[in-house]
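Given next are the chains, with one letter for each unit.
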Amino acid sequence: MEEYVKTGAKALRNIFWIFIIAFMLLFIYHKPQGINTIYYTLAFLPLIYFAYYLHVRLFPMGEIQLLILSFFLTEMGMIMIYRVAPYLIIKQMIWIFVGFILYFMFSYISKYYDFFYNLKYGNYIYLAISFILLLSTFIFGKEIGGAKNWLTFGGVSIQPAEIVKIIYIIFLARYLKEHKEKKDIITIAILTFLIVIIFVIEKDLGMALLFYLTTLCMLFVATSNLLYTSLGMVFLGFGGIISYFLFNHVRVRIEAWLNPWMDVPGKTYQIVQSLFAIGAGGFFGTGLGMGHPEYIPVVASDFIFSAISEEFGMLGSVAIILVYLVIMYRGLRVALNAEDEFGALIAVGLTSMFSLQVFTIIGGVIKFIPLTGVTLPFVSYGGSSMIMSFITLGMLNGIALREEENVEQFKTQY
């Protein structure tokens, strides 16, 4: 236990130094708008230390690695947001603070994840909440960034799809634990198709892809049937072709991916600026504060990875990807250690959704796949994404705690 705490404390010290050095450089080169911003920003360090201390005390057997890795990612996000959009940093800190609170809440709640399984009429309740939230944007929704998938309450915008991610994963885990026949898989396919159609109509292609692929991952883990997964991938291909001819916004995204130079001042401006920034960064980057990420549209949210690549180079961007890979590994480890199938499927679903989101946005900004508008978890600016990312880690931590406590209980008995 002591060694475990020492390793975590050492990692925390490194995170502290990176943060302090980065902000000193930004203060010198970027000339911040006001000294108060520095005070608010330095509050981040005690905040993550308090979260670390609380985790060690409350959940000594939990997955503290997940929390430490999230510290590093939120830190990189804070540095880049302060670099490109200083006026957003206080809001981002508030979202991180709320995220920490929800992380601990869901760590505790998820220790008793049986509740989600034993809830009477659970399947109907989860589906009803999911569809009500998704369809509510057609009536009350607000269009932000080209997609009408936001609800606004008193100046605060929330993306219902972020909440539905968790609810739908719980539904799938509950349903697939007991329903694995062909007719049950067809039911899942129809429900997922309806959700994907809603996202496509809302022009939220990123979410459509995330929900579809996460369902395929959970289906494969639950049934071990390669045929279902293969058919799912074939339908994905057909769906993409049909969407290309039916929806103009899909056609624009794919054409920009195939040939980003066709309309640089117009339709392909975002992806071209992203590629310029990544190319300018090279191997070591231009240096913090020395690049021009401000030329990239929506750089604080969707394209923040391009800004990191420009100023920290390939070395910095690979470091970010490696951190995500470790989170994915820890998530899959939680799933493998779960003795209950329901808990294992939730862990697989959460890890798949998280991993696919990372792949979708990084793949999009480097032109590996067509660009879709999703955020980079923990790094991009955005409240809904930040909060749900912390809830995801909190639930994984809760499932891990449950299994560790079961093991300890077994040892004391024998």
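Residues numbered from 1 in each chain as written. Predicted model: local features only at pLDDT ≥ 70, side-chain atom pairs only at ≥ 80, totals over all residues. Heavy atoms only, no water.

The protein is annotated in an unreviewed UniProt entry as FtsW/RodA/SpoVE family cell cycle protein of Aceticella autotrophica. Annotation of the protein in UniProt includes, under Subcellular location (unreviewed entry), the sentence "Membrane". (UniProt positions renumbered as here; feature names shortened; annotations may be inferred.)

Draft legend 1. Inspection of a nonpolar patch on the surface at higher detail. Together, Leu135, Phe138, Ile139, Phe140, Ile186, Ile190, Phe193, Leu194, Ile197 and Ile201 give the surface a local cluster of nonpolar side chains, amounting to about 980 Å² of exposed area. When contributions to the nonpolar patch are tallied by element, the ones reaching two or more residues are helix H7 (122–140) and helix H9 (182–201). Here the element with the most residues in the nonpolar patch is H9; it accounts for six residues. By the secondary structure assignment, Leu135 is in helix H7. Using a relative accessible area of 40% as the deciding quantity, one classes Leu135 as partly exposed. (Patch = residues over 30% accessible without salt bridge, like charges linked within 9 Å, V, L, I, M, F, W, Y side chains within 5 Å. Areas by Shrake-Rupley, 256 points an atom, 1.4 Å probe, with all protein chains shown as cover. Salt bridge = Lys/Arg side-chain N within 4 Å of Asp/Glu carboxyl O. Helix = DSSP H or I, 4+ residues; strand = E, 2+ residues; numbered from the N terminus. Buried < 20%, exposed > 50% of the residue type's maximum accessible area, 1.4 Å probe, protein only.)

Draft legend 2. Representation of the pattern of salt bridges in the model. Going through the model one piece at a time under the given rule, you end up with nine salt bridges. Lys177 is the salt-bridge partner of Asp340, the closest N and O atoms lying 3.4 Å from each other. You can see Asp340 sitting in the loop between helix H14 (304–337) and helix H15 (341–365) and its partner Lys177 sitting in helix H8 (residues 160–178), a full 163 residues away along the chain. For Asp340, a relative accessible area of 23% gives the class partly exposed. What makes Lys177 partly exposed here is its relative accessible area of 24%. Three or more residues are tied together by salt bridges with common partners; here these are Glu63, Arg330 and Arg333.

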